[in-house]
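# Structural overview for review
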Amino acid sequence: MKITILGSGTAVPSLKRNSAGVLIQSDGFNYLIDFGYGNLSQLLNLGLTYHDIDRIFFTHNHPDHMCDLIIFLFSSRYHLDPRTKDLTIIGGPGFNEFFLKVTNAFGHWLVPTTYKIDIVEMDEETKEWDQIKVQTLKTKHIEMSRGYRFVDSKGNSTAISGDTDYSENMIKLGKNANLMILECSFPDEMKSGGHLTPTLAGKMGKESSCKKLCLTHFYPPCDLESVRKACQQEFSGELFLAEDLMAFHL
Ligand SMILES: [Zn+2]
Ligand SMILES: [Zn+2]
């Protein structure tokens, strides 16, 4: 399983950090987990286009986690080179209705004619696609928010929070995971509801006993040096502060 951070940023436009998105490559399949602003260009940097993505998982539907889906669907219709592979899109309860509203707003321009889209809503459950096992649990951000745990055919596991506040469910998803990717929106002294700080993320890392912890989704006030220090007060395992295109081989 190879995991690449496509965007380590947030809603604030940044030349250094694209909005949220992670690519998981496993057994020849390409999965996106969130699809924020700039993620499509990052895929191009990795040699991947709108033809190559097999499934897209959404942690929730805030624009910094999904807006490149609109361009993705539009470009997939490019008449000289249309996408032909069917696509599964997975989101929390209510995602189907949201998806229909977004696509209806653009008339027929996002509606596929050369491939099919299957929308799957996952609440708190486990499903298997290809050779990857996917578990979802509710997290603490908005009603639709779900965290994910992906386990490949060799037993390697990655947990991804999307946006969340301190969450027992997310700790469950990250239990003994090879890698847990947690959001870390603001420094401790600027704690915002529905988001984590370095200390809380470190506490969740410790309580999950994950092997590697990667923090991402840094709003501009996050000073990485102090983020690292605060997180390490709680978490003593291997800690990574995400940069765009940082990759993990599990
Ligand atoms: Zn966000
Ligand atoms: Zn959000």
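See the structure shown above.
Now for a description of the structure that goes with this document. (Residues numbered from 1 in each chain as written. Chains lettered and ligands numbered in written order. Predicted model: local features only at pLDDT ≥ 70, side-chain atom pairs only at ≥ 80, totals over all residues.)

On to the overall build of the chain. The secondary structure content of the chain amounts to 7 helices and 14 strands. Its C-alpha atoms give the chain a radius of gyration of 17 Å, near enough to 18 Å, the size a compact globule of 250 residues would have. On the principal axes, the C-alpha backbone points of the chain span a range of 55 × 35 × 35 Å. Counting over 250 residues, the chain shows a buried share of 47%. Contacts spanning at least 24 positions in sequence make up 64% of the contacts within the chain whose residues lie at least 6 apart. (Helix = DSSP H or I, 4+ residues; strand = E, 2+ residues; numbered from the N terminus. Rg over C-alpha atoms; globule rule 2.2 N^0.38 Å. Buried ≥ 20, exposed ≤ 12 C-beta atoms within 10 Å, placed from the backbone. Contact = placed C-beta atoms within 7 Å.)

Inspection of the secondary structure puts Glu 121 in strand S6 (residues 117–121). Residues Glu 121 and Cys 67, 54 residues apart in the sequence, show an inter-C-alpha distance of 19 Å. If we ignore the near neighbours within four places in the chain, the residues touching Glu 121 are Gly 91, Gly 92, Pro 93, Phe 95 and Asn 96.

What the 7 strands build is an open sheet, ordered S6-S5-S4-S3-S2-S1-S14; its pairing is mixed. A single partner strand is all that each edge strand has here, and the edge strands are S6 and strand S14 (247–249). Between one strand and the next, the sheet's axes are offset by a mean angle of 20°, whatever the strand orientation. Bridging between strand S4 (residues 55–57) and strand S5 (residues 87–91) involves 3 bridges; their strand directions are parallel. Looking at the pairing, Arg 55 lines up with Thr 88 of S5. (Pairing = 2+ DSSP bridges. Axes fitted to C-alpha atoms, helices over the stretch in contact; angles between N-to-C directions.)

Turning our eyes to something else, we now look at the packing of helix H6 (residues 198–208) against helix H7 (residues 224–232). Between H6 and H7, whose axes approach to 7 Å, the crossing angle comes to 40°. Regarding the angle of H6 to H7, the classification is oblique. Between H6 and H7 lies a crossing whose hand is right-handed. Between H6 and H7, the residues in contact are Pro 198, Thr 199, Ala 201 and Gly 202 and Val 227, Ala 230, Cys 231 and Gln 232, respectively. Considering only residue class, the contact of H6 with H7 consists of 5 nonpolar, 3 polar and no charged. (Parallel < 35°, antiparallel > 145°, perpendicular 65-115°, else oblique. Left-handed = near helix turned anticlockwise from the far one by under 90°. Nonpolar A, V, L, I, M, F, W, Y, C, P; charged D, E, K, R; others polar.)

It is worth spelling out unusual backbone geometry at this point. You will see that Ser 209, though not glycine, has its phi angle at about 55°, which is positive. The phi angle at Leu 245 is positive, at roughly 75°, despite the residue not being glycine. On the secondary structure map, Leu 245 appears in the loop between strand S13 (238–241) and S14. Residue Leu 245 is classed as partly exposed on the basis of its 15 C-beta neighbours within 10 Å.

Here we take up the sheet that holds strand S7 (residues 126–129). In space, the 7 strands of this open sheet follow the order S7-S8-S9-S10-S11-S12-S13, with mixed pairing throughout. Only two strands of the sheet have a single partner each, and these edge strands are S7 and S13. Between one strand and the next, the sheet's axes are offset by a mean angle of 20°, whatever the strand orientation. Of the strand pairs in this sheet, strand S9 (residues 146–151) and strand S10 (residues 157–160) are connected by 4 bridges, and their pairing is antiparallel. Within S10, the position partnered with Arg 149 by the bridge is Ala 159.

Looking now at the nonpolar core. One broad trend across soluble globular proteins is that nonpolar side chains are buried collectively. Among the nonpolar cores identified, the biggest contains 60 residues, and Val 22, Leu 182 and Leu 215 are the most heavily contacted of them. If one sorts the elements of this core by residue count, strand S11 (residues 179–183) sits on top with 4 residues. In this structure Leu 215 touches Leu 182, Cys 184, Pro 198, Ala 201, Val 227, Cys 231, Leu 241 and Ala 242, once residues within four positions along its chain are discounted. (Core = buried A, V, L, I, M, F, W, Y, C linked by C-beta atoms within 7 Å.)

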